[in-house]
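A closer look at the structure
Each chain, written out:
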Amino acid sequence: MAPLDRRAFLSLVGAQAGVAALGLPARAAKSDAIAVAYSTDVPTWDPNARVLANAQSLYKCVFDSPINQAPDLSVKPSFAKNWRYRDAASLELELELRDDAVFHNGDKATAEDFRYTFLERPKAPVPQGGQKLDTSSIWRRVKDIEILSPTRVVMHFSEVMPSAVTWLYFMGSYIVPKSYMEKQGPEGFLKTPVGSGPYRLAEYQRGARIVLEAHDKYWGGAPKLKRVTLEIVQDPSARVAAIDGRRVDLAVDLPIREIARLGAEAGIVGSIDSITDIVIVEATRTGPFEREEVRLAAHHAIDKQAISKALFGGKAVPIDVPAAHKTPGYPENFHFAYDPNKAVALLKQAGFGPGKPAQIGFNTLSGFFPNDFEMAQAIAAMWKKVGIEAKLEVIEAAKYQELLRANKLPEAMLYPWGNTTGDPEMYAGYLLDPKSIFAAWKSDDMGERIQRLVVETDPQKRYAGYREANIYAVEKGYTIPLFQGVKTVAYQSSLGFTKYDNGWILPQSYTLKA
Amino acid sequence: MIESGFGIVYRRCLVAVPTLLVVSVLVFVVLRLLPADPLAMSLPPNATQAEMEEMRHDMGFDRPIPVQYAIWLGQIGRGDFGTSIQFRRSVSDLILAALPTTLELVAVGLTLGILLGIGCGVLMFAWRGTAKEQIADLGSVVVMSIPEFLWAILLILGLGVGVRMLPFIGRIDAQMTVPTTTGFLLIDTLIAGNLPAFLSVLEHLALPAFSLALGLTPLIMRVLRSSLFDTYVEDYIALARLRGLSERRILLRHALKNAALPTVSLIGVQAGFMFGGTLLVEVIYTFPGIGNLMVQALRNHDLPLIQGIALVYCVIVLVLNTVVEVAYLRLNPKLRKA
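All values reported here derive from a predicted model rather than from experimental measurement.

All right, on to the overall build of chain A then. Within chain A, the regular secondary structure consists of 16 helices and 18 strands. Computed over C-alpha atoms, the radius of gyration of chain A comes to 25 Å, within 12% of the 24 Å expected from 2.2 N^0.38 for 514 residues, which places it in the range of a compact globule. Reported as C-alpha extents along the three principal axes, the dimensions of chain A are approximately 85 × 65 × 45 Å. Burial status across chain A gives 59% buried among its 514 residues. Restricting the contact set of chain A to residue pairs at least 6 apart, pairs at least 24 apart contribute 68%. Roughly 19800 Å² of accessible area belongs to chain A as shown, and the carbon and sulfur atoms make up 51% of that amount. A gap of 2 Å separates the mean positions of the 62 positive and 60 negative side-chain charges of chain A.

If you tally the helices and strands in chain B, you get 12 helices and zero strands. Counting helices and strands in the order they occur from the N terminus, chain B gives α-α-α-α-α-α-α-α-α-α-α-α. Summarising its shape, the C-alpha atoms of chain B cover approximately 85 × 55 × 40 Å along the three principal directions. Of the contacts made within chain B by residues no fewer than 6 positions apart, 73% connect residues no fewer than 24 positions apart. Of the charged side chains in chain B, 25 are positive and 23 negative; the average position of the first set lies 13 Å away from that of the second.

Time to look at the packing of helix H15 (residues 444–453) of chain A against helix H16 (residues 459–475) of chain A. Residues and elements named next belong to chain A. Two elements in contact, H15 and H16, have axes separated by 9 Å at closest approach and are oriented at 165 degrees. Our classification of the angle between H15 and H16 gives roughly antiparallel. Where H15 crosses over H16, the two elements pack in a sense that is left-handed. Residue-level inspection shows Asp445, Met446, Arg449, Ile450 and Leu453 of H15 in contact with H16, the latter providing Lys461, Arg462, Gly465, Tyr466, Ala469, Tyr472 and Ala473. Its residues assigned to classes, the contact of H15 with H16 shows seven nonpolar, one polar and four charged.

Residues and elements named next belong to chain A. In space, the four strands of this open sheet follow the order S4-S5-S7-S6, with antiparallel pairing throughout. Unpaired on one side and paired on the other, strand S4 (80–85) and strand S6 (142–149) mark the two borders of the sheet. In this sheet, neighbouring strand axes are inclined to one another by 20 degrees on average, regardless of whether the strands run parallel or antiparallel. Sheet topology places S6 next to strand S7 (residues 152–157); six bridges connect them, and they run antiparallel.

Our next topic: the nonpolar core. By size, the foremost hydrophobic cluster in this structure holds 231 residues, and its most contacted members are A:Phe114, A:Trp139, A:Met155, A:Met375 and A:Trp383. For this core, the element with the most residues is helix H8 (residues 195–231) of chain B, which contributes 12 residues. Among the domains, domain 1 (66–177) and domain 2 (277–486) of chain A are the pair contributing at least three residues each to this core. Not counting residues within four places of it along the chain, the set of residues in contact with A:Met155 comprises A:Leu91, A:Glu92, A:Leu93, A:Leu95, A:Phe114, A:Phe118, A:Trp139, A:Val142, A:Asp144, A:Ile145 and A:Leu168. Counting residues in hydrophobic clusters, the runner-up holds 13 residues, among them B:Phe125, B:Leu228, B:Ala240 and B:Leu256.

Time to look at the interface of chain A and chain B. Contact residues are listed per partner, giving 70 residues for chain A and 63 residues for chain B. Summing both sides of the interface, chain A and chain B together bury roughly 6000 Å²; the carbon and sulfur share of this comes to 55%. Summed over the three residues of chain A that lose the most area to chain B, namely A:Gln131, A:Arg206 and A:Gln234, the buried surface amounts to 12% of that side. In this assembly, chain A and chain B are joined by four salt bridges.

Before going further, it helps to examine the sheet that holds strand S10 (residues 227–232) of chain A. Paired through their backbone hydrogen bonds, the strands of a sheet run either parallel or antiparallel. Residue and element names in this part refer to chain A. One open sheet holds the 10 strands; their spatial order is S8-S9-S10-S1-S11-S16-S12-S15-S13-S14, and the pairing between them is mixed. With partners counted over all chains shown, the strands left at the sheet margins are strand S8 (199–205) and strand S14 (388–394), one partner each. Neighbouring strand axes in the sheet, compared pairwise and without regard to direction, differ in orientation by 25 degrees on average. As judged from the six bridges shared by strand S12 (residues 268–283) and strand S15 (residues 412–417), these two strands associate in the antiparallel manner. Bridging from a neighbouring strand, isoleucine 278 pairs with tryptophan 417 of S15. Packing against the sheet, helix H12 (residues 372–386) makes contact with S12, strand S13 (358–364), S14, S15 and strand S16 (479–492), and its axis sits at approximately 165 degrees to S14.

Attention shifts here to the pairing of S10(A). Each regular strand carries side chains that alternate between the two faces of the sheet. Residues and elements named next belong to chain A. Within S10, six of the six residues are buried, which leaves the element mostly enclosed by the surrounding structure. Side-chain alternation along S10 places Arg227, Thr229 and Glu231 on one buried face and Val228, Leu230 and Ile232 on a second face that is also buried. By the bridge criterion, six bridges tie strand S1 (residues 33–38) to S10 in an arrangement that is parallel. Counted as the bridge partner of alanine 33 is arginine 227 from S10. Of the strand pairs in this sheet, strand S9 (residues 209–214) and S10 are connected by five bridges, and their pairing is antiparallel. Pairing of leucine 212 across the sheet is with valine 228, part of S10.

Moving on, we come to the pattern of salt bridges. All names here are of chain A. Tallying each qualifying case throughout the model produces 37 salt bridges over all chains. Among the salt bridges present, the one from lysine 178 reaches glutamate 112, with a minimum N-O distance of 3.8 Å. Placement of the pair is lysine 178 in helix H6 (residues 178–191) and glutamate 112 in helix H3 (residues 111–123), with a sequence separation of 66 residues. Here glutamate 265 ties to arginine 261 by a salt bridge, and the two come within 3.3 Å at their closest N and O atoms. Take glutamate 265: its relative accessible area is 22%, and that puts it in the partly exposed class. It is possible to trace a salt-bridge network through shared partners that takes in Arg84, Arg86, Glu92, Glu94, Glu146 and Arg152.

Another point: the domain arrangement of chain A. Residue and element names in this part refer to chain A. Assigned domains within chain A: domain 1 (66–177) and domain 2 (277–486). Using C-alpha coordinates to define each centre, domain 1 is positioned 33 Å away from domain 2. If you look at the interface, domain 1 gives 12 residues, while domain 2 gives 13 residues. Summing both partners gives a buried area of about 950 Å² for domain 1 against domain 2, and 60% of it is carried by carbon and sulfur. When the area that domain 1 buries against domain 2 is broken down by residue, the three leading residues are Pro162, Thr166 and Phe170, summing to 46%. On the surface where domain 1 and domain 2 come into contact, there are zero salt bridges.

Cut-offs applied
Residues numbered from 1 in each chain as written. Chains lettered and ligands numbered in written order. Predicted model: local features only at pLDDT ≥ 70, side-chain atom pairs only at ≥ 80, totals over all residues. Heavy atoms only, no water. Helix = DSSP H or I, 4+ residues; strand = E, 2+ residues; numbered from the N terminus. Rg over C-alpha atoms; globule rule 2.2 N^0.38 Å. Buried < 20%, exposed > 50% of the residue type's maximum accessible area, 1.4 Å probe, protein only. Contact = heavy atoms within 4.5 Å. Areas by Shrake-Rupley, 256 points an atom, 1.4 Å probe, with all protein chains shown as cover. Lys, Arg positive; Asp, Glu negative; His and termini not counted. Charge placed at Lys NZ, Arg CZ, Asp CG, Glu CD. Axes fitted to C-alpha atoms, helices over the stretch in contact; angles between N-to-C directions. Parallel < 35°, antiparallel > 145°, perpendicular 65-115°, else oblique. Left-handed = near helix turned anticlockwise from the far one by under 90°. Nonpolar A, V, L, I, M, F, W, Y, C, P; charged D, E, K, R; others polar. Pairing = 2+ DSSP bridges. Core = buried A, V, L, I, M, F, W, Y, C linked by side-chain atoms within 4.5 Å. Domains from an automatic or database assignment. Buried area = accessible area lost by both parts, 1.4 Å probe. Salt bridge = Lys/Arg side-chain N within 4 Å of Asp/Glu carboxyl O.

Structure below.
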């Protein structure tokens, strides 16, 4: 661009000041570009390195996963056109790959890239002081990937992995280009990441800004929105201000109380949607919670409907087992009643009563998911009414993990659990398996049930088994499921927004209305 | 003993080494005594206990704290601050990428704060004994009593959302992209010859820089006014009046320079605090500086990154103190060598 002379400079300054003084928004939206106030950044642009749940939508913009999910969570082909186990033991998973997938640098995505992503990278030795890719844990049971042709591969497993297909559309499973990665090296790749997804990364400022531009050669067709600027706004109030001030077209993860107000404004749509994440009270075998009666009393004492109405405008869907409704592991005919009288009776059986309340520790995060602290306060108040005195303490997520690993969590912990797939292994399979590093409750009886299921290859038997295991866990008081998570968004009515039942925010599915 | 500017820099460099060592020991030990697992947030849901222990071993977190510290110190000696657990990138790269944003923001905030502070201080002194002085005094107390992050939010609500006058997200308009040359967007936009982008950067800097400046302005204003009162009882002011100089000339040409010394010391101290203020202001305005990076590191208990940024903050404060000391020397002829 040619440098401007002094006169032009002063004119522009004057014009800009004039526009500002008139109170007009400086940002003029283009017909195929949007700005989004987003809550989190990617930890790294290596999509196989880390598996943070909140970053998955961002990765899905730039990278392709072998399999994908539709807005209603039905499974659909992506880089893989179809897939099947080719042996009775389910140790050989054959996938047919697309022949029209192209990386942003123009290279064709092939079976070599698939093998590199799911075998060579995860198994590569780690330099001293370095960190393994998260995919090395996820795909540890892959012993080989056989390339039958540039579009045909077979994943060979050392042990059965019934959730393998699910993992192919879950966290960390994104195809990266082998030749580009090897040529650039890991650091070079992070500076200019290349995927085969619907958008290419045009600009990145860590913790502040992600600019995506449409990938014209995307096999699914170039996205309608050609440019998407994601402003990483960590502060919820600032995200509210961003949409309120019309600085962005879409803002996500907003405080519940603001949604109704924003939705009432002309030109803004506010929505609170139930998603497949869940919120539970994790129980531990500690203090009064060693008694089954006390754990069950704690569950019977919680009026989930009242909490949903008071804190989420009734939009948080109560759950009776640790899974989301309409997912394969959810027993729709099972109900765990809100019954404070029964809670009092159970506590009496365990030797507790009005004069001798069951005293427990109750930890919660604050500001980690919508209304978490308020929810914990409400639960503590409901417990108090029946004779459970909870000492509520707010802790950081990192401290929670430390306490969990050291088996030092108190009796109860309010915690959210993310699962975009709906697969029951990603709920109970990790939350209730005593071998899992994420399980707060550890008991052999639950472990036996889960261990049978993590090797069950018949999907119907597997799902039925998880439904039974979920009911068993709740009836024993091993977990106290509360609600499905909620996703809050507000967007300008000119935006054609597509809601995903798992809360994904995918601009490739959006349009701008004329 | 009277020192030269070079002498001050040399002495400061000597003091900096033990200071940085003490800070590094404090930060390192305190972080490791906190009850939070640095690796806990960086594992997939199907990871096993054995994989977790393996990772802990690979990263050296299973070694005694003194050994970990010695290894880290050795790395720093080689210019390697380690690798961020959360971002899986070199800590040095992360800090170097973020630093220009913070320096640019603080430079603009500091300039704005100094200009406003001196301007208002002089005005307040000129209004001495009038109702205007009382109002200005009250105003400065109100401004001082509100912390920077709250100013940040109030300014967003007032000028960003209320009258929609100024932007409050990021460093530049969402539809603009400027090639990164220095990381300082004001400079990069000029290098690119992109004036609309330059103006957009200025607009985006306005609110966060003003939020930071508001922490400094009332302090400068009050200290300067107080210094001016002290200066005005000096003989040379009376002499200037006898020479028939105008009150305006006496104030601006003679009194201000002599009254500026305590203000310079104050600016040096407050500039250090201003860097601290960037932590929340950068988060609120989505500025990708080291304050924002520090908040992310703290949230994720990313020990190598927290340690690296803490040391950088320490270096910045030491440099600022040195600069102020040299500036003080330049302004005060009594301290200069004959």
